[in-house]
Protein chains: 2
Amino acid sequence: MKIKAQRLLAIKHLVSSRKVSSQEELVSLLEEEGFKLTQATLSRDLKYLKVAKVPDVETGYKYVIPDIGQKVEASLPSNEDFPVSGVESMEFSGQMAIIKTRPGFANGIASVIDSHGPYEILGTIAGDDTILLISREGVSKTDVINALSLFMPGLKEKTI
Amino acid sequence: MKIKAQRLLAIKHLVSSRKVSSQEELVSLLEEEGFKLTQATLSRDLKYLKVAKVPDVETGYKYVIPDIGQKVEASLPSNEDFPVSGVESMEFSGQMAIIKTRPGFANGIASVIDSHGPYEILGTIAGDDTILLISREGVSKTDVINALSLFMPGLKEKTI
DNA sequence: GGTGTCGATGCAAATTTATTCATTAATTAT
DNA sequence: ATAATTAATGAATAAATTTGCATCGACACC
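Conventions adopted
- Each residue is numbered by its place in its chain's sequence as written, counting from 1.
- For naming, the first written chain is A and the first written ligand is 1, with later ones following in the order written.
- Predicted model: local features are reported for residues with pLDDT of at least 70 only, side-chain atom pairs are reported and counted for 80 or more only, and whole-chain, interface and lining totals are derived from all residues.
- Using a C-beta atom placed from the backbone, a residue is scored as near a molecule or strand whenever that atom is within 6 Å of it.
- Each helix is a run of H or I in the DSSP string that is no shorter than four residues. Each strand is a run of E no shorter than two, and both are numbered from the N terminus.
- Following the grouping adopted for this structure description, the nonpolar residues are Ala, Val, Leu, Ile, Met, Phe, Trp, Tyr, Cys and Pro, the charged ones are Asp, Glu, Lys and Arg, and the polar ones are all others, Gly among them.
- Partly exposed residues are those whose C-beta has more than 12 but fewer than 20 other C-beta atoms within 10 Å; with 20 or more the residue is buried, with 12 or fewer it is exposed, and the C-beta atoms are placed from the backbone.
- Directions pointing from the helix axis toward each C-beta atom define the arc.
- The score called pLDDT rates the predictor's confidence residue by residue, from a low of 0 to a high of 100.
- Residue pairs are scored as contacts if the distance between their C-beta atoms, which are placed from the backbone, is within 7 Å.

Participant: Before we go on, may I ask you to explain the protein's contact with DNA strand C in this structure?
Facilitator: Surrounding DNA strand C, one finds 23 residues, the nearest of these being A:Thr41, B:Ser22, B:Gln23, B:Ala40 and B:Thr142. Listed by contribution, the elements that provide at least two residues to the surface near DNA strand C are helix H1 (2-17), helix H3 (39-49) and strand S2 (60-64) of chain A together with helix H2 (23-32), helix H3 (39-49) and helix H5 (141-149) of chain B. Looking at the surface near DNA strand C element by element, the count peaks at 5 residues for H3(B). Of the residues in the surface near DNA strand C, the class split is 7 nonpolar, 9 polar and 7 charged.

Have a look at this one:
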């Protein structure tokens, strides 16, 4: 049906161009554009479009269009276990860990860790061949290793 | 009762390892792992972790951990309250603090901190976008924030 | 022309999720 | 230590979302 297709398009456009925080709000916006529908229908539309509801700092919640090709890490394509090959060792001290890398690799590896941004890791700082990693309070060494292992398989074997 | 951080980790793990389709379901799963909490708390946890609810063909809906690339906030603010404008966030862990900055800003901001040399701050180390700040023993988190706020107004709002 | 099927939709109920309020526990300041 | 703040949480409630059911209109077929 013609109207529905246009409406879906309008929904996509609205959702991606501004922060919509509830379905009722979106119904109003659609009405301003000449679409007449109820929230129930919108719920079905959003499900059809796979629009997700995600927490947002500013507005509490917002709807987002699913990203299609997003699994890119620009600088390190198609080499998933590259990072770990640069790691020489990993050792803990309290809630800190020191990761020794091959010379010059520390920054690259740290940026990989940062880009994955695991909840467990508060932050990292890299020198030339050493990374200092600070883990969040209440997080165990095992937690850290597990979190990193998700994208750095084999890391466990490097820990002392 | 276990610690909140552990619960957040458990939530993260559960959500990423299976398709959870409602908060009540997740409350049950958490209970099986020994966490006792209500749906209200879980709602807050999910908001904190920015876990999104997304339509799923199999289960209707599911929760997903936020993906890496979604920070498309490419706004370049004015230098009015430099250097705090370069600060993304500040978070404490024990007597350390991790300050996240915009890429490349860490050294500049750290040197500003060093040049003011507040008594409360033992020292800083800067990477590219992260500063590790070590505070003196006996100094509270608030002390640190207050000291820094003297020349970095608005920093308090950046702390997590 | 009837009649059946199907997709779209509204209404209202059911379900799910978010928030308010009050209380308690932690942390920090005096 | 004691007071003052701040953070965490549950119970209850409000708000938001999903869904069952009935209807309507378009189309196909007899």
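Participant: How should helix H6 (residues 141-149) of chain A be read in this particular structure?
Facilitator: Side chains three or four residues apart in an α-helix point the same way, a direct result of the helix having 3.6 residues per turn. For H6(A), the full list of buried residues reads A:Asp143, A:Val144, A:Ala147 and A:Leu148. For H6(A), the angular spread of buried residues about the axis comes to 125 degrees, placing them on one side.

Participant: Explain the confidence of the model for chain A to me, please; I cannot follow it from the model alone.
Facilitator: Residues and elements named next belong to chain A. Per-residue confidence for chain A averages 74 on the pLDDT scale, and 75% of its residues sit at or above 70. Here helix H4 (residues 82-85) stands out as the element of chain A with the lowest mean pLDDT, 56, in contrast to S2, whose mean of 87 is the highest. When the criterion is pLDDT under 50, residues 68-81 qualifies, and its contacts beyond four places in sequence or with other chains add up to 8 contacts.

Participant: What should I look at first to understand the protein's contact with DNA strand D in this one?
Facilitator: Not every one of the 17 residues close to DNA strand D is listed here, only the nearest: A:Gln23, A:Ala40, A:Ser43, B:Ala40 and B:Thr41. Those elements that provide at least two residues to the surface near DNA strand D are helix H2 (23-32) and H3 of chain A together with H3 and strand S2 (60-64) of chain B. Considered class by class, the residues forming the surface near DNA strand D number 5 nonpolar, 7 polar and 5 charged.

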